[in-house]
Amino acid sequence: MYADPAVDECFYSLAWSYYDGCIPVVAVAGKNAIIRLIYPTNPGYSSDELSYTGHGHAINHLTFNHTKPHILLSASKDHDMRLWNIRTHTCLAILGGVEGHTDEVLYAEFSLDGNRIVSCAMDHYLKLWNLDKPKMKAAIENSSKHSHKSKVSFPVHRDHFPVFSTRDIHNNYIDCVLDFGKFIISKSCENEVVIWKPGPSGVQPKSSIKNCVTVVTRLPVKNADIWFLRISLDRMKKNMALGNLIGKIYLWDLDVDDHRKIRPSILQHPACTTAVRQTSFSPDSKTLIACCDDGTVWRWDLIQSAKADP
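Every value quoted in this text rests on a predicted model; they were computed, and no experiment measured them. (Residues numbered from 1 in each chain as written. Predicted model: local features only at pLDDT ≥ 70, side-chain atom pairs only at ≥ 80, totals over all residues. Heavy atoms only, no water.)

(A) Just the overall build of the protein chain, in detail. From N to C terminus, the protein chain includes 1 helix and 24 strands. For the protein chain, whose C-alpha radius of gyration is 20 Å, the value lies close to the compact-globule estimate of 19 Å for 310 residues. Considering only C-alpha atoms, the protein chain reaches an extent of 60 × 55 × 40 Å along its principal axes. Expressed as a percentage of its 310 residues, the buried residues of the protein chain come to 50%. Put simply, 50% of the contacts in the protein chain that link residues at least 6 apart link residues at least 24 apart. Total accessible area computed for the protein chain in this model is approximately 15,500 Å², and 52% of it derives from carbon and sulfur atoms. The average position of the 35 basic charges and that of the 33 acidic charges among the side chains of the protein chain differ by 4 Å. (Helix = DSSP H or I, 4+ residues; strand = E, 2+ residues; numbered from the N terminus. Rg over C-alpha atoms; globule rule 2.2 N^0.38 Å. Buried < 20%, exposed > 50% of the residue type's maximum accessible area, 1.4 Å probe, protein only. Contact = heavy atoms within 4.5 Å. Areas by Shrake-Rupley, 256 points an atom, 1.4 Å probe, with all protein chains shown as cover. Lys, Arg positive; Asp, Glu negative; His and termini not counted. Charge placed at Lys NZ, Arg CZ, Asp CG, Glu CD.)

(B) Focus on the confidence of the model for the protein chain. For the protein chain, the average pLDDT comes to 90, and 92% of its residues sit at 70 or higher. Scored below 50 in pLDDT, residues 203-209 makes 3 contacts in the model with residues more than four places away or belonging to other chains. Segment residues 306-310 is flagged for pLDDT under 50; beyond a separation of four residues in sequence, or across chains, it makes 2 contacts in the model. (pLDDT = per-residue confidence, 0-100.)

(C) Looking closely at the sheet that holds strand β6 (residues 71-76). Overall, mixed pairing links the 5 strands, which are arranged β5-β6-β7-β8-β12 in an open sheet. Each edge of the sheet is formed by a strand with only one pairing partner; in this case those strands are β5 (59-64) and β12 (157-159). Between one strand and the next, the sheet's axes are offset by a mean angle of 20 degrees, whatever the strand orientation. Pairing between strand β7 (residues 81-85) and strand β8 (residues 90-95): 5 bridges, direction antiparallel. Paired with Trp84 across the two strands is Cys91, which belongs to β8. Lying over the sheet, helix α1 (residues 134-143) contacts β6, β7, β8 and β12, oriented at roughly 165 degrees with respect to β8. (Pairing = 2+ DSSP bridges. Axes fitted to C-alpha atoms, helices over the stretch in contact; angles between N-to-C directions.)

(D) Up close: the pairing of strand β19 (residues 239-243). Most of β19 sits out of view: 5 of its 5 residues are buried. The alternating pattern of β19 places Asn239, Ala241 and Gly243 and Met240 and Leu242 on opposite faces, both of which are buried. Two strands pair when backbone bridges link them, and strand β18 (residues 232-233) and β19 are joined in this way by 2 bridges, in the antiparallel orientation. Residue pairing for β19: Leu233 is matched across the bridge by Met240. Here β18 folds back onto β19, and the loop between the two strands holds 5 residues, one of which, Lys237, carries a positive phi near 60 degrees. Here β19 runs beside strand β20 (residues 249-253); their pairing, made up of 5 bridges, is antiparallel. Directly across from Asn239, in β20, lies its bridge partner Asp253.

(E) Quick peek at the packing of aromatic side chains. For the coordinates displayed, the defined rule picks out 7 aromatic pairs. Taken together, a centroid distance of 5.1 Å and an interplanar angle of 55 degrees make the contact between Trp227 and Phe228 tilted. Residue Trp227 is classed as partly exposed on the basis of its relative accessible area of 27%. On the basis of relative accessibility, which here comes to 29%, the residue Phe228 falls in the partly exposed class. (Phe/Tyr/Trp six-rings, centres within 6.5 Å; stacked < 30°, edge-to-face > 60°.)

(F) Main features of the environment of Thr296. Of note, Thr296 is situated in the loop between β23 (287-292) and β24 (297-301). The class of Thr296 is partly exposed, set by a relative accessible area of 28%. A C-alpha to C-alpha distance of 18 Å links Thr296 and Ala241, two positions 55 residues apart in sequence. Thr296 has contacts with Ala290 and Cys291, leaving out every residue within four places of it along the chain. At a separation of 2.6 Å, a polar atom in the side chain of Thr296 contacts the side chain of Asp294. Separated by 3.0 Å, the side chains of Thr296 and Trp298 make a polar contact. (Polar contact = N/O pair within 3.5 Å; in protein donor to acceptor, adjacent residues only side chain to side chain.)

(G) View of the nonpolar core. Residues Ile185, Val193, Ile195, Ile231, Met240, Trp252 and Leu254 are the most contacted members of the largest nonpolar core, which totals 33 residues. The set of elements that each furnish at least two residues to this core consists of β10 (116-121), β11 (126-130), β14 (176-180), β15 (183-187), β16 (192-198), β17 (213-220), β19 and β20. With near-sequence residues (within four places) excluded, Met240 lies in contact with Ile185, Val193, Leu219, Ile231, Ser232, Leu233, Tyr250, Leu251, Trp252, Leu254 and Phe281. Listed in part, the 18 residues of the second largest apolar core include Phe110, Trp129, Met136 and Ile140. (Core = buried A, V, L, I, M, F, W, Y, C linked by side-chain atoms within 4.5 Å.)

(H) Summary view of the sheet that holds β23. Read from one edge of the open sheet, 3 strands run β22-β23-β24, paired in antiparallel fashion. With partners counted over all chains shown, the strands left at the sheet margins are β22 (276-281) and β24, one partner each. With strand direction ignored, the average angle separating the axes of adjacent strands in the sheet is 20 degrees. Bridge count between β22 and β23: 5 bridges; the pairing is antiparallel.

Now the structure itself:
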């Protein structure tokens, strides 16, 4: 069991990864804007060495890079995001500023290849950030060579400019967004999940193309009009889940040719009646875990039905 040194701390986010490919590590953060790294199999690590500060306000979300498990992303109420290298305990980049978010960042996620970040905030904006830019790539690479015991601070890279930005998808604050290959999946408190892609659907004047969007489909969800009901995808990006206010879980099969024809299955149990805040798939996609407002954790074993041959 882990107890934070600050008695007034309230954790808002937790993320798992592996240190050097084999040692499990948990990152947690919240109200006090301090990131704590916890090594469940090696609790004797120095607590000072494993605490990161830098954000000016609460941290709303943490996530690790899928292809570089030592790179951690934090999204904060201070309007910025930060990239951290947990091998060298270095803050390597700050994303925000000139064309960044203008209100607290509620969620951010890496693409499956680890080369971009999609973020959302209370300013109603969705933004894409490219990690393949030369200066950003150099910062990530050089951060692994830096010693956290060095008297010279690491030159933090500042990226003020996302490669794409829009507020044309939702009319309210956006609390969850996921990268889905050439598509983006996002939700607000509007009883729907939206699948969309950057760029126009047809031929348009070049001047209007940069921040155009194409909405592929809007998936209705009943009783999902509050903050922090989070979408989850399985590892292969074929299944998506979202819980609602009254304990039901919407489950969509995304492995279809036409996303406009997606229809949900509903998971429900008579004893599950409070808001389902978070769901998570097992690596083989056969099990779904759901966490509810009443402190209960539910396990659903998913039975995959065979698809008919075309």
